[in-house]
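Overview (structure and organization)
Residue strings, one per chain:
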Amino acid sequence: MTWLPADFVHPVRVALPGHYHLRPISGADTELDYPAVMGSRERLWSIYGEAWGWPVATMTFEQDREDLIRHADEIAAHKSFNYALFDDAGTALLGCVYIDPPEKTGADAEISWWVVDDRAGTELEQALDALVPQWIAQAWPFERPRYVGRDLSWQEWLALPDLV
């Protein structure tokens, strides 16, 4: 049994207020993703480092590309989802939303997101913060989604029992 219904069709584009959208990430996005991640690496490490070991300070462009190809393969297989946040022109990657099967007890999905450093605390981040829970409730088949880093801290999440 998988974590999603067999007939589930994942969204391919989600509009945000202003001129932004989410879409599944791919290896072709590396030229925009790599500077976004590495330009925000210290803050991203403070969020995801202990839990995911990401992003490492020595990550190369090629390692990022391989990671994005893995994400695209996981999306195609409905194993997990990484949506990139873009301006409508598709010229800037401004963050990501992760929708993953649960690793810890008590939820049927684990969701987190981030924006690049220069968009932290802006209207764009506020719009993403408002959109993600509404989008998950409306477009995804989860009954108990967990918003890691939002409805509980990463430290609290790490302390939860692992699924067996």
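Residues numbered from 1 in each chain as written. Predicted model: local features only at pLDDT ≥ 70, side-chain atom pairs only at ≥ 80, totals over all residues. Heavy atoms only, no water.

Comments concerning helix H2 (residues 41-52)
Note the following rule: Here a strand is any run of E in DSSP of at least two residues, a helix any run of H or I of at least four, and the numbering for each starts at the N terminus. Expected span of a helix, by definition, is 1.5 Å for each gap between consecutive residues, and there is one gap fewer than residues. Each residue gets one of three labels from its accessible area relative to the maximum for its type: buried under 20%, exposed over 50%, partly exposed in between, using a 1.4 Å probe on protein chains only. The directions from the helix axis to the C-beta atoms form the arc being described. Any two residues whose heavy atoms approach within 4.5 Å at even a single point are treated as in contact.
With 12 residues, H2 should cover 16 Å at 1.5 Å per step; its first-to-last C-alpha distance of 13 Å lies more than 12% under that length. Along H2, the residues that are buried comprise Arg41, Leu44, Tyr48 and Gly49. Buried residues of H2, seen end-on, are gathered within an arc of 130 degrees and therefore sit on one face of the element. In this structure, H2 carries Ser46 and Glu50 as exposed residues pointing more than 90 degrees from its buried face. Against helix H1 (30-39), strand E4 (93-100), strand E5 (109-115) and helix H5 (154-159) lie the buried residues of H2. Looking one or two residues past H2, Gly53 carries a phi angle of roughly 65 degrees, positive in sign.

A short note on the packing of H1 against helix H3 (residues 61-76)
Selection criterion: Axis geometry follows a simple rule: fit a line to the C-alpha atoms, using only the stretch in contact for helices, then measure angles between N-to-C directions, giving values from 0 to 180 degrees. Note that the term roughly parallel is reserved for angles under 35 degrees, roughly antiparallel for angles over 145, roughly perpendicular for angles of 65 to 115, and oblique for everything else. Crossing handedness is read from the near helix: turned anticlockwise from the far helix by less than a right angle, it gives a left-handed crossing, and turned clockwise, a right-handed one. Residue polarity is assigned by list, with Asp, Glu, Lys and Arg as charged and Ala, Val, Leu, Ile, Met, Phe, Trp, Tyr, Cys and Pro as nonpolar; anything else, Gly included, falls into the polar class.
Remark: H1 packs on H3, axes separated minimally by 10 Å, with the N-to-C direction vectors making an angle of 115 degrees. Between H1 and H3, the angle is such that the two are roughly perpendicular. When the axes of H1 and H3 are compared, the crossing they make is right-handed. Along its contact with H1, which presents Thr30, Glu31, Asp33 and Tyr34, the element H3 presents Phe61, Asp64, Arg65 and Leu68. Its residues assigned to classes, the contact of H1 with H3 comprises 3 nonpolar, 1 polar and 4 charged.

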